[in-house]
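Examination of the molecular architecture
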Amino acid sequence: MIVSLPVFLPLAFMIFAFLFRHYHGREYVAVGAAALNLAVSVILVLKTGSEGMLKVQMGNWPAPYGITLVADRFSAMMVLVAAIVFLATMAFSVHALDVKRKRFGFYLFAFGILMGVNGSFLAGDVFNLYVWFEVMLMASFILMSHGGERNQLEGSVKYLILNLISSFFFVAGIGLLYGKLGTLNMADIAAKLMEFDTMPPEINPAFILIFVGFAIKGALVPFFFWLPASYHTPPPVVTALFAGLLTKVGIYSLIRFYTLFLHQHGEFWQPLILWVAGLSMVIGVITATSQFDFRKVLSFHIISQVGYVVMGLGLFTVAGLGGAIYFLAHNMISKTNAFLVAGYVHRRKGTLSLKTLGNFYKEHPLWSVFFFISAFSLAGLPPLSGFIGKYLLIKAGIEAEYMGIALTALFVGFFTLFSMVKIWMEVFWKVEPENKKIKQRNLTNKADLKQSAAWMTWASGGMALVIVLGGVFATPIVEYCTQAAESLMSPQLYIDFVLN
Amino acid sequence: MEQLTVVLTGLIFLMGLMVPFLRRLFKSYTGRILALVPFALFATLTFIFFTLPDETSRLVDTGFGFLPEMGFSFRIDGLSLIFGMMVSGIGGLVLGYSSFYMAKYAGRTKFYFFLVLFMGGMLGLVFADNLMALFIFWEITSITSFFLIGFDHDKEKPRQAAMQALLLTAFGGLCLLFAVIMIGDMAGTYSLSELYTRGFRFGAHSNYYLVFLLIFVAVTTKSAQFPFHFWLPGAMNAPTPVSAYLHSATMVNAGIFLLLRLNPILGGTVVWKTVFVLTGGITMFLGAFYSLGQKDLKRILAFTTISALGTMVLLIGMNSTASIQAALIFFIVHGLYKGGLFMMAGIIDKNTGTRDIDKLAGLLRSMPVTSIAGILALLSMSGLPPMLGFIGKELIYDAKIQMPELSWLVIPLGVAANMIMVAISLWVFYEIFLKPKYKQPVSLKHPEHELPGNFLAGPVALALVGLVLGMFPGWLEDTMSNAMYFIQSETIDVHLSLWHGFNQVLLLSIFTVAMGVVIFLFRKPVGSLVNIIIRWTDQYHLPERFNRLIKNYLSLAGRQTNRIQHGYHRYYLITFFTVTFALVIYQLIRLKGPWIPADEAGPVRMHVVMVLAFSLLAVIFAVFTRSRLSAIVAMGVLGYGISVFYMFYGAVDLAITQFLVETIVMVIFVMVIYHLPHFAKLSDKRTRIRDAVIATGVGVMVTLVVLKARFINLETPVSGFFAQNSFLEGHGRNIVNVILVDFRALDTLGEITVLALAAAGVFTLLRLDLNKKGKKQMKNLVLERIVSLFLYVMVGFAIFLLIRGHNRPGGGFIAGIIAAAGFLLYAIVFGSEAVLKKLHTNPRYIIGTGLLLAFLAAIIPTFSGNPPLTGLWLSMGNIHIGTPLLFDTGVFVLVTGMIVSIITNIMDVLKWNS
C-alpha cells in the first residue's frame, strides 16, 4: 500500500482541487499535502532501506499480468528527493505566485506533475511508465503555458511538440517490444531477454526508439532543444519545479532501462552513453556560460549536469551508478533552489537579466547565502552536496580507468564555477546600474515589496540547509546510494522479486 | 594537548559561523575577542613545539568526515607545527589589527566571517592527515579568499581581482582533487600517515606524469608561480589585514605546504626537480624584478612575495636536505617580515592616506614605533644579521652551492633576486622613513601614540620574533628536525646559528649586499630601465590577457550557442528525426536475413488493401492540400480508416472509441478553424523536398523496424492470460473493457487523470486572462425540444453502454464520448450557457466527481487489505456488481465532463452564442 501512496496522494489532492475549487486556503492544503507526501516518501525510503524492495500488484493481478508498482532503493530515493523539491516549491509558491494563477489551478497541475513523477519512479511496467509520462507531460505543458504570456506560449509550443515526439518514440518502442516479447512488465522483459545467450539484434531498434524518447525527456545532447527554449518563460517557481523534476524522470528511466535491459548489449550502448554524457556535459556548460539571463544560465546547465549523471551510468560500475544516483539527488535539490533564488530576485527586481541587476548582496544578504550555497553546490565546491557528487563520479571514472570522461567532468566543473561566479558578480556584487526603466519597474513593484516573503525564505532556506547537510553528512546517503547501485547492478534480484 | 588543538580549530570554524551573532554581542571588540582563539591555539602549539620528540607524529582522529574515506584526522608533526604556529599566531595578530583597521568599514560582519573561516580553512589544511580533507580545506581557503579579495565589491577592480583569484585557484583546486583521487586510487588510501609509513613512492608509476602535472598546476596557481602569478598583485585589492595574512602565512603558502607534504610520495624525480627548479627560479627573479618598478607600497610587497614563493618552490624542487631546510626556515622568515611589512603598510596608509612611496617621507620621526618595526622587517627581507632572514638567506645560498648540477642556473638567479631585495629594502627605507630633501613630509591624521596598542602590536611582535629567532635559532632545531624527518623520510640533525664561519656563502652574501647598495645608489637609471622593460612587457599584461581570454571565450561560446540553440523549430525536429534515423538504420544494416518472413506472408486480402489505399489517399491529400479544413477532414478519414482496421482484427471497442474520438476532434477543430490565422506557405520548394525526404526516411525506418520485429515472436504474450481470466476472474466477457477497468486499471486511472488535466488546462489557457464573456442565446422552443430529447437519448444510450460494457462492446470511455456528443450537439445549437444550465453544475465538478469515483474504486479494496484497484465483487446469481464497475462509472463521468468542459470553454471564448 505504501508503494502506491505516492501516486494516490496527489490524485486525492487533485480531486479536492476539482471539487473545492473556490476554497481560499488552497495553498495551505497544497503545502500540507506536499508535506504528507514527504512523510510517505520518508517511510518508503526507510522501508526500502531495511527490506531492499517493495512492490504492490495493482488489482491483485499477479505479475507479469497486472501492473506492478515497485520501489527499490533507487526509486524510493528519487521519490523522496522529488518530495523535498515539491514541498519546497509549494511552500515557495504561497508568497511567490500571483493570486490569479493560484486560483486558476496552479496547484492542480503541480500535483498532476507530482503524480506523474512519482508514478514514473515506481512503475514496474513499461506501458504504465508511458502513462505517467503522459500525465507529467500534460500537467507540465499546462503549467508552462499557465498565464498565457506571449513568450510563455512560444516556449510552450516548442516544449509540447518536441516532447510529443519523445512520447511518440517511446510508445512506438513499447509497441515493438510488446510485439516481440509479448509482455510489458519490466522484470518479465528483463527475464525474457536474459534467456537469450546474446541479445538478438532485432530488439535493438525498439530500445533505440525508447532511448531517444528518454534522451529527449532528459534533455541530453542532441535532444535538449526544448529545455532552453522554454524554461525561462513561466513564472520562476514553475521553472524551479520543472528543473527539479522533469528531466530527472527521463534520466531515471534511462538508468532503469539500462540496468535492466540495455547493459546486455553493452558493447553498443556503453560507448554511446558515454559519448552522449561527455557531449552533454561540454555543450551544456559552454552554452550556459554564454548566457546573460539568470534563468537561462541555470537552464543550460541542466543539460550539462544531466550529462554527469549519465556519465555515472555509462561507467556502469557500482561506484559510478552510486555516484550518479547521489548526483541526481543533489542536482534536483540544488538546481531547484537556484531557481527559487532566481524567483526571489525576480520578485524584488522585476527582471532576471544579469546586465540590469545588481546590489543583491548588500540588500538581501540572507538570500545571497541561499544562492551561494545552491550555486556553488552546483559548481561542486566543498562542503556542499555537489562536491560529494562530483567527487564520487570522478573517482568512479578514475577507478574504471575512463580518464577521458573523468577529466571532462573535472573541467566542466571549472566552467560551471565560472558561470556561477558570473551570476554572483553581476547580480549580487555589482552596483545596480542606474536605469530609468528599472527605476520605474521598481516603483511598480512597491506593492510586491511590502508583501511578506516569509514562505519563500523558509522554503529556500530549508533547501539550502538540505544542500549543506547533504554534503557534510554525506556518509549515510552515499551508503544508501551505493546499496541502490548494487541492487541495480544485479538485475536478477529485481526480476526475482517482482516475478515471485 | 593534541586534542586541544582539534577543539580549538573546530572552535575557530564555529566562531566564524557565529560571527553575525558575536558581532551583535561584542560590537567593536569583535576582532579582539575573536583573536583570543587563535592565540590560545598558538599557545597550545607552542607547548607541543617544545615537547614533541623527534621522529614522532601525533594523530588525532576526530571520527568525522563527509565520507568515511575523507576522515578529518589531525596530524601534528614538525611541518604542521611550523605552519600551524605561523597561521594561528599571525592570524591572531591580524584579527587584533583588523579591529582597528576595519573600524570604519561597512560590512565588518562579512569581513570577520570570511576571515575567521579562512583562518580555519588554512589550519585545517595544515593539520589534515587525509589528502581529501586537505583538499576540502584547500578549497575553503580559495572560496573565502574570493570573498575577502572582493570585499570592496562595489568597484570593478576588486571584483575582477577576486574572480581571477578564484578561477585560477579553483582551477588548481580541481587539478588537486583529481591528483588526490588518483593517488588514492594508486595507494588505496588518502591518509598521509599511511602513505608515509608504508613508504609509497609513485615516481615509477605509469600515471605519475599525470599526477605530477596536476599537482604542478595546483601548486603554481595557488602559490602564484609564473605564469599564474598575476592574481596575487590583484589580490591586494583586499583590505590590508587580509593581504598581510594572505601573503605571510596562508593561501599562497598552501602550495608550498602541499609540496613539502607530498615530497616523500611524489618528490625527487627528474621531472620534479627540473620543473620546479625552473618555475621557482623564473618566478623568483621575475617577482623581484617587477617589484623594482612599483610605487605602491603594497604592490612592491606583493611582487616580493612572488619572488619569495619562487625561492621556496625552487628550494623544494632542488630536493636536497639543505634546500628543504632552507625552504622551511625561509618560510618562517618570510612570514614574519611580510606580515609585519603589510601591517606597517596598513598603518601608514591609515595614518597618512597614501601608500605611494613617492609621496611618503620622514616617517621615522613622526611614527618611530612603526618605523623601527618596519626597519627590522626590511633588514630581515634583505637578509642581514642579526635577523632570522640572514640565517635563511645563508641557508639558501648554502643549498644552492651544494647543488653543482644546478648551481650555474640557480646561483645567478638567486643572487640577482637577493640583490634586488636588498636594493628594494633600502629604497623603501630611504623613501619613506628618512626625509630626502626633495620631499615634503606627509601629515599624519593621528599622532602615533594615539593609535591603539593592538594596531601596532602586529608589526612590532613579528619584528621582535624575527629578531629573537635570529639571535637564538637553536630553538627551532628540534622541530625542524622533526619536520625534515617527515619531508625527507630520513633522520636529519638540524643546526642553526647566526655565525657559521667565514666561507663561500658569506662571501656571496657580502657581494649580494654590496651589489644591492650599488643598485640603490643608481636607483634612478635602474628604475627607468626597469620601467621601460615593464612597459614593454605590459603588452603581455597577464590580468588583462586573462580578462580578454574570458571575453573571447564568452563571445565564442555565445556564437556557438546561437548555432546550437538557434530557435528554429524545424531544425530541432530535423535533428531529432535524423539522429534517430541514423541510430536505427545503423542497427538495421547490421541485421542479416530476409526482410519479409517467407512463411508468414498470408494471402492479400482485398478489403484490407482497399482501406489501406483509402487511408493513404487521405494522407496524401492532407499533405498537399492548401486548406486547413480539408486537411482536417482528410486526417479524420485516416482516423476512420484506422478504426476500420481495428474492426477487421476484431477489436470492436477500439474501433468504436477511435471512431468517436475522431469525430469529436474533427468537430472541435472545425469549431476553432475560422479563428486561426490564414494558412501560409512559408517554405520554398527545396525545403519541402528536404522535409519530404526526411519524412519518408523516418517512415521507411519505422516500416523496416516493424518488418524485422516479426522475426522474434517467440514468447507467449500475456494477452493469453487476459483472455483466460477475463470472464472467470474479472466477471466480464469484453476483454478490452476488463483490461481497461481491472487488469490494467492503473493505466486507465493515469489516462483519465490526463483527460481531467487537459480539460482544466483548456479552461485555464482560455480563461486565465479573460474577463467576463459576452452572453447571447438562441430561442427556439421546437428545436430545443428536439435537441433536448436527443440529449436525453444520448445520455440514456451512454448509460446503457456503460452498464453492458463489461460484457459487450461499450464501457466508460465510449459511453462518456456518446453522452458528450449529446451535449456537444446541444451546445452547438444553443450555446455553452445553455449546456451549463442544463447540467446545473460546472463541468469541472463533474470531472472531479468522475475522478473521485475512480479513486474510490482504487482505494476501497485497500480497507480490506487488498492492493489498490483490486476488484471486489458482489455476486447475485449471474449478476456481478463490483468496484471495477464503479471505476468504469468514474471513467464515464469524467470523460463526459471533460469533453463538455472543453467544448463549452472553447465556445465561450469564440462567443459561439451569437
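No experiment lies behind these values; they were computed from the predicted model shown.

Once that is clear, we can look at the overall build of chain B. Across its full length, chain B carries 36 helices and four strands. Taken along its principal axes, the extent of the C-alpha atoms in chain B is 125 × 65 × 65 Å. Burial status across chain B gives 57% buried among its 914 residues. The long-range share in chain B, meaning contacts at least 24 apart out of those at least 6 apart in sequence, stands at 78%. In chain B, which carries 67 positive and 45 negative side-chain charges, the distance between the mean positions of the two groups comes to 14 Å.

Our focus in this paragraph is the pattern of salt bridges. All names here are of chain B. Summed over all chains, the structure comprises 22 salt bridges over all chains. Between Arg-159 and Glu-156 there is a salt bridge, with its nearest N and O atoms 3.1 Å apart. With Arg-159 and Glu-156 both in helix α6 (residues 156-187) and three residues apart, the pair spans about one turn of that helix. Under the relative-accessibility criterion, Arg-159 is labelled buried at 8%. Classification of Glu-156 as partly exposed rests on a relative accessible area of 47%. Residue Arg-198 is joined to Glu-194 by a salt bridge in which the shortest nitrogen-to-oxygen separation is 2.7 Å.

Moving on, we come to helix α21 (residues 454-472) of chain A. All names here are of chain A. The first and last C-alpha atoms of α21 sit 27 Å apart over 19 residues, in line with the 27 Å expected at 1.5 Å per residue. Buried within α21 we find Met-456, Ala-459, Ser-460, Gly-461, Met-463, Ala-464, Ile-467, Gly-470, Gly-471 and Val-472. Considering only its buried residues, α21 is in contact with α3 (73-96), α14 (318-349), α16 (365-378), α17 (385-399) and α22 (474-489).

Glancing now at the side chain of Thr-183 of chain A. Within the element layout of this structure, Thr-183 of chain A appears in the loop between α7 (150-181) and α8 (186-195). Accessibility expressed as a relative area gives 0% for Thr-183 of chain A, which makes it buried. At 3.4 Å, the side chain of Thr-183 of chain A forms a polar contact with the backbone nitrogen of Asn-185 of chain A. Beyond its immediate sequence surroundings of up to four residues, Thr-183 of chain A is in contact with Pro-64, Tyr-178, Asp-188, Ile-189 and Lys-192 of chain A together with Val-718 of chain B.

What follows concerns the pairing of strand β3 (residues 873-876) of chain B. Taken together, the four bridges between β3 of chain B and strand β4 (residues 879-882) of chain B define a ladder with antiparallel strand orientation. Opposite Trp-873 of chain B, over in β4 of chain B, you have Gly-882 of chain B as the bridge partner.

It is worth spelling out a nonpolar patch on the surface at this point. Residues and elements named next belong to chain B. The grouping of Leu-629, Val-633, Val-661, Val-665, Phe-669, Val-670 and Tyr-674 at the surface amounts to a nonpolar patch, some 600 Å² of accessible area in total. For the nonpolar patch, the secondary-structure elements that each account for two or more residues are α26 (628-648) and α27 (652-673). If one sorts the elements of the nonpolar patch by residue count, α27 sits on top with four residues. Structurally, Val-633 can be placed in helix α26. Val-633 sits in the partly exposed class, given a relative accessible area of 42%.

Now for unusual backbone geometry. Ala-63 of chain A connects to Pro-64 of chain A through a cis peptide bond whose omega is 5°. With respect to the element layout, Pro-64 of chain A can be found in the loop between β1 (54-57) and β2 (68-71). Residue Pro-222 of chain A is reached from Val-221 of chain A by a cis peptide bond, and omega for that bond is 0°. Tracing the chain through its elements places Pro-222 of chain A in the loop between α9 (204-217) and α10 (226-230). Backbone geometry at Asn-319 of chain B places phi at a positive 60°, although glycine is not the residue there. Mapped onto the fold, Asn-319 of chain B is located in the loop between α13 (297-318) and α14 (321-352). The phi angle at His-840 of chain B is positive, at roughly 65°, despite the residue not being glycine. Along the chain, the position of His-840 of chain B falls in the loop between α34 (832-839) and α35 (843-863). For His-840 of chain B, a relative accessible area of 73% puts it in the exposed group.

Attention shifts here to the packing of aromatic side chains. All names here are of chain B. For the coordinates displayed, the defined rule picks out 107 aromatic pairs over all chains. Measuring from centroid to centroid gives 6.1 Å for Tyr-105 and Phe-151, while their planes differ by 55°, and the two rings are tilted. Taken together, the residues Tyr-105 in the loop between α3 (78-101) and α4 (108-127) and Phe-151 in the loop between α5 (131-149) and α6 connect sequence positions 46 residues apart. With a relative accessible area of 14%, Phe-151 lands in the buried category. Above the plane of the ring of Phe-520 lies Arg-523, whose end atom (NZ or CZ) is 4.6 Å from the centre. Positioned above the aromatic ring of Phe-763, the side-chain terminus of Arg-844 is 3.8 Å from the ring centre.

The next point concerns the interface of chain B and chain A. Taken together, the contacts link 116 residues of chain B with 129 residues of chain A. Linking chain B with chain A are three salt bridges. Here Arg-744 of chain B makes a salt bridge to Asp-125 of chain A, at a shortest N to O gap of 2.6 Å. Counting the contacts that link chain B with chain A gives 16 residue pairs in polar contact (both at pLDDT 80 or more). The element that contributes the greatest number of residues to the side of chain B that touches chain A is helix α31 (residues 745-767) of chain B, accounting for 16 residues. By residue class, the composition of the side of chain B that touches chain A is 72 nonpolar, 27 polar and 17 charged.

Between the first and last C-alpha of helix α18 (residues 404-433) of chain B there are 41 Å, a value that for 30 residues agrees with the 44 Å anticipated at 1.5 Å per step. Along α18 of chain B, the largest kink reaches about 40° and is centred on Val-410 of chain B; proline Pro-412 of chain B follows within four residues of it.

The next thing to look at is the environment of Ala-631 of chain B. Residue and element names in this part refer to chain B. The residue Ala-631 is located in helix α26 in this model. Put simply, Ala-631 and Gly-346 are 285 residues apart on the chain and 81 Å apart in space, counted from C-alpha to C-alpha. With residues up to four places along the chain from it excluded, the contact list for Ala-631 reads Ala-622 and Thr-625.

Conventions adopted
- Residues numbered from 1 in each chain as written.
- Chains lettered and ligands numbered in written order.
- Predicted model: local features only at pLDDT ≥ 70, side-chain atom pairs only at ≥ 80, totals over all residues.
- Heavy atoms only, no water.
- Helix = DSSP H or I, 4+ residues; strand = E, 2+ residues; numbered from the N terminus.
- Buried < 20%, exposed > 50% of the residue type's maximum accessible area, 1.4 Å probe, protein only.
- Contact = heavy atoms within 4.5 Å.
- Lys, Arg positive; Asp, Glu negative; His and termini not counted.
- Charge placed at Lys NZ, Arg CZ, Asp CG, Glu CD.
- Salt bridge = Lys/Arg side-chain N within 4 Å of Asp/Glu carboxyl O.
- Expected span 1.5 Å × (residues − 1).
- Polar contact = N/O pair within 3.5 Å; in protein donor to acceptor, adjacent residues only side chain to side chain.
- Pairing = 2+ DSSP bridges.
- Patch = residues over 30% accessible without salt bridge, like charges linked within 9 Å, V, L, I, M, F, W, Y side chains within 5 Å.
- Areas by Shrake-Rupley, 256 points an atom, 1.4 Å probe, with all protein chains shown as cover.
- Phe/Tyr/Trp six-rings, centres within 6.5 Å; stacked < 30°, edge-to-face > 60°.
- Lys NZ or Arg CZ within 6 Å of the ring centre and 35° of its normal.
- Nonpolar A, V, L, I, M, F, W, Y, C, P; charged D, E, K, R; others polar.
- Bend = angle between axes of the 7 residues up to and from the residue.

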